[in-house]
Amino acid sequence: MKKFKTMMAMMLALVSMCVAFSSCSSDDDPVAVAAAKEIAGTYTGSLDMTVMGTASTYDNLTMKIEAVDDATVKVTLPACGEGMMALPALEVPAVKVSGSNGAYAFSLESYAGTVTINGAEKKYTVTLQGTFKDNTLTVNYSVQYGKMPMPMIGKFVCKK
């Protein structure tokens, strides 16, 4: 009987230790947020555009990034320029996003689309890559628009 009481006391001590050392809910890992949803938003910033070595800077332009799913966004490049050199806002769908913890990257090797301007359909091809880190969005892209023989090279930068 003495052995039984000693064994029961040891079992009770073991169960008490297990309960005492169990983790609290404050130790739970944070819930991961989808990369596309982290960078989605409307950004207003500056665009440096270069065509045939001639650079122009446009301020207060808006770029829109919409989450399509957890790892894909649609990017709407800002309209810029004036007169015959005006470039309309261009949509680039299905851009893949990766990253976590506030550092994200996205890119698309090539997208060909069309846009209708004053009843005329114009073709465009876009290559882009971007980053979002430290609340700063940087997007580098190249656009071949309409019948222009040379690409337009753009760099859009802004803080969120």
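Below is a summary of the structure that appears in this document. What you are looking at is a predicted structure, and each value in this text was computed from that prediction instead of being measured.

Here we look at the side chain of Thr76
- Its place among the elements puts Thr76 in strand β3 (residues 72–77).
- Setting aside anything within four residues of it in sequence, one finds Thr76 in contact with Thr62, Met63, Lys64, Glu66, Ala89, Leu90 and Glu91.

Digging into the sheet that holds strand β8 (residues 152–159)
- In spatial order, the strands read β1-β2-β3-β4-β5-β6-β7-β8; together these 8 strands close into a barrel with antiparallel pairing. Recorded for the sheet is a direction-independent mean angle of 25° between the axes of neighbouring strands.

Details of the pattern of salt bridges
- With the rule as written, the count across this model stands at 3 salt bridges.
- Between Lys74 and Glu66 there is a salt bridge, and its shortest N-O distance comes to 3.5 Å.
- Residue class for Lys74 comes out partly exposed when judged on its relative accessible area of 22%.
- For Glu66, a relative accessible area of 29% translates into the label partly exposed.
- We note a salt bridge from Lys74 to Glu91, for which the minimum N-O separation is 3.7 Å. Linking Lys74 in strand β3 with Glu91 in strand β4 (residues 90–100), this pair joins segments that are 17 residues apart in sequence.
- Linked through salt bridges whose partners overlap, the residues forming this network are Glu66, Lys74 and Glu91.

With respect to unusual backbone geometry
- Phi at Asn60 is positive, roughly 55°, even though this residue is not glycine.
- Along the polypeptide, Asn60 turns up in strand β2 (residues 54–69).
- Phi is positive for Asn101, which is not a glycine, with a value near 55°.
- Tracing the backbone through its elements, the reader meets Asn101 in the loop between β4 and β5 (103–117).

Conventions we followed
- Residues numbered from 1 in each chain as written.
- Predicted model: local features only at pLDDT ≥ 70, side-chain atom pairs only at ≥ 80, totals over all residues.
- Heavy atoms only, no water.
- Helix = DSSP H or I, 4+ residues; strand = E, 2+ residues; numbered from the N terminus.
- Contact = heavy atoms within 4.5 Å.
- Pairing = 2+ DSSP bridges.
- Axes fitted to C-alpha atoms, helices over the stretch in contact; angles between N-to-C directions.
- Salt bridge = Lys/Arg side-chain N within 4 Å of Asp/Glu carboxyl O.
- Buried < 20%, exposed > 50% of the residue type's maximum accessible area, 1.4 Å probe, protein only.

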